[in-house]
Amino acid sequence: MASVGSALGIGSGLDLTTLLSNLMAAESVPLAKLQTREVSIQSKISAYGQLRSAISSLRDAVKGLTPDKFNGAGASSSAPDVATATATNAATKGTYALEVVSLAQAEKAVSAGLESSKAQVQAGTITFTFGSVENGEFIPGEGEAKTVTIEAGKNTLEGVRDAINAAEAGVTATIIHDGTGARLVLTAKETGAGHAFRITTQGDAGSDGQALSFLDYDPASAPDYSAGAAAQMSRLQHAADAEFKIDGIVMTSARNSVSTALEGVTLTLAKEGTTTITVKDDAAKARSALQSMVDAYNKLLSTVNALAVNTPGASKGESGTAGPLAADSLTRDVMTRIRNEIFSPVQGATGAYTSLASLGVSFQSDGTLKLDATRFEKAMATDAGAVARLFDDEAYGEGRSITARFQAQLDAMVESDGLIDSRLDGLNASTKSLQTQQEQLSKRLEQIEARYRAQFSALDTLLAQMNSTASYLTQQLEALKNLRSS
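Values in this document were obtained by computation on a predicted structure and should not be read as measured data.

1. A word on the sheet that holds strand 1 (residues 73-77)
Spatially, the five strands line up as an open sheet ordered 1-16-3-12-13, and their pairing is antiparallel. A single partner strand is all that each edge strand has here, and the edge strands are strand 1 and strand 13 (249-253). Geometrically, the sheet is characterised by an average inter-axis angle of 25° between neighbouring strands, direction not taken into account. The sheet contact formed by strand 3 (residues 94-102) and strand 16 (residues 273-281) spans seven bridges and is antiparallel.

2. A closer look at the nonpolar core
Of all hydrophobic cores here, the largest spans 65 residues; its most connected members are F70 and M293. Mapped by element, the contributors of at least two residues to this core are helix 1 (16-27), helix 2 (29-63), helix 4 (284-308), helix 5 (329-343), strand 20 (369-371), helix 6 (373-389), helix 7 (402-414) and helix 8 (419-485). Counting residues per element, this core draws most heavily on helix 2, at 12 residues. Sequence-distant contacts of M293, that is, excluding residues within four places in its chain, are made with L58, A61, V62, L65, L356, L369 and F406. Judged by nonpolar contacts, the second largest core, of 30 residues, contains A119, A169, L212 and Y217.

3. A word on the packing of helix 2 against helix 7
Here helix 2 crosses helix 7 at 160°, and the two axes come no closer than 10 Å. Between helix 2 and helix 7, the angle falls in the class roughly antiparallel. The handedness of the crossing between helix 2 and helix 7 is left-handed. Every residue of helix 7 that contacts helix 2 at R52, I55, S56, L58, R59, V62 and K63 is listed here: T403, F406, Q407, L410, D411, M413 and V414. Taken together, the residues that form the contact of helix 2 with helix 7 break down as seven nonpolar, three polar and four charged.

What counts, and at which threshold
Residues numbered from 1 in each chain as written. Predicted model: local features only at pLDDT ≥ 70, side-chain atom pairs only at ≥ 80, totals over all residues. Heavy atoms only, no water. Pairing = 2+ DSSP bridges. Helix = DSSP H or I, 4+ residues; strand = E, 2+ residues; numbered from the N terminus. Axes fitted to C-alpha atoms, helices over the stretch in contact; angles between N-to-C directions. Core = buried A, V, L, I, M, F, W, Y, C linked by side-chain atoms within 4.5 Å. Buried < 20%, exposed > 50% of the residue type's maximum accessible area, 1.4 Å probe, protein only. Contact = heavy atoms within 4.5 Å. Parallel < 35°, antiparallel > 145°, perpendicular 65-115°, else oblique. Left-handed = near helix turned anticlockwise from the far one by under 90°. Nonpolar A, V, L, I, M, F, W, Y, C, P; charged D, E, K, R; others polar.

Pasting the structure below:
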C-alpha cells in the first residue's frame, strides 16, 4: 500500500492527510488480519522444525541400541597399539598374555618400468591363480583361476590396470612412477599365506606393444624387488599368515582380525609386540546407550511441553500462555506412540526381560524418563543374552526388536511424507495462499487510496475556490459599505 502523502489540505486548510490516514487504516484491517494469520502459521512451521529435530535426536539414540552393546562382556588391551579386543557374552572372563610375533600380509608384486602409463602393451589375457608357496614350489589352492582380458584399443599400461580392477579378480592394480618409468603394482585383496598369486599371460599374435609376458609372475621363484630391477615382475611383499601367542601357545591366522583364538573375543592385531587382554563383565556401554535414549526422550518432552503449552489466565479476562502447537493433536499422538514403546513387550520374548520397562526404564511423576542403573545392571548380570536379544532384529523376527520397532515409529514421524511433512505441506500451502491474498489486497488498497486521494484533492481544490470567492465577495461588500459611509 502506498504511503499517505502530506500535500492534502493546503488549499482548504483542512487536515485531509490525517483523515486519509485514518480511512486507510480502517481499509487495511483485513490485510493486517491476513498478516497476523501468516505470522501464526510461520510460527507453527518453525515449531514443527523444532519438533522434527528433537524426534530425530531420539531416533539417533534409538539406533544406538544395538545388540553388540548388550553382550555383557568387555575386553581391553594394555597396549592397544599392539592389539585391541572386543568381547561378547560368550567370552570367558579372565586375563590373557598376547604376543604378536608377525602380522598377516598380502602378496604384492611390481612390474618392470615402462616409458609411461600410456605405453602400449600386447592385447591378450592375464590369468591369476591363488595358492601358497610350499617347499619352494607354488601350490594352487581350491579356488578357480581368474582371467582378465586386455582388449585391443585399451592395451596400454593404464588399460591393464583398469581391466584388472574392473574384473574383481582378487587383485588390485595401481601405477607408480619411480623416476625410471611407470610400474604396475599388484596387491592381493586377501592377506595370508594361502592367498599368494601366480600370474600367467597370453599375448595376441600380431598385437603391437610390450609383450604381456613382462607380467608373468611365480611367487616361488620371483626375485625380491630392488632399485633398477630387471625386466620382469619382482616381489614387493610375500603373502604370510599372522603369527601370535596366547599364554605361550603358538597360533596363526590368515587375517589380522582373529575371532577363533579365544571364544567370544575378537582380536585385532596391529603390530609386533606384547600386551595383556582382559575380559570382564561390562554393562557400561549398554547403560550409556540406554541413558542416551532416556536423555533424548526427556529433551523431546521438554520441547513438546514448550511448543504445546496451553495455560489459561489466572483470572477472568487475563490472557494465558499458548505455544504454537497448543491446539495441535500431533504432539499428543507423537508422545502416545513413544510412551507405548517404553511399555510394550517384544513379541515372542519370554522370561523376566521383555521390554524397556523390565530393564529399569520408567516414567517419573513429571512425565520424564529415568533409568534405574541398579536394576539394569542386575538384569545384565543375571541374563545379558536375554537383554541383548531384545535389541536384535534376528532374535524374534524382523521388525520385532525394540530398536527396529521404536525406529519404525520415529521414522513414520520424521521421514519424507511422514506425519510432520503432512502437516508442513498443509501449512506451506496456507502460507502461499495468504501471501497471494495479501498481494491482491495490497493492490486493491493502493487503488482505494488513489481514489480517496483524487477525491480529497478535488475537494481541496473546490474548497480553495470557494474560499477565494468568499474572500472576494467579502472585499466587495466592505467596499460598498465604505462608499455609503463616505
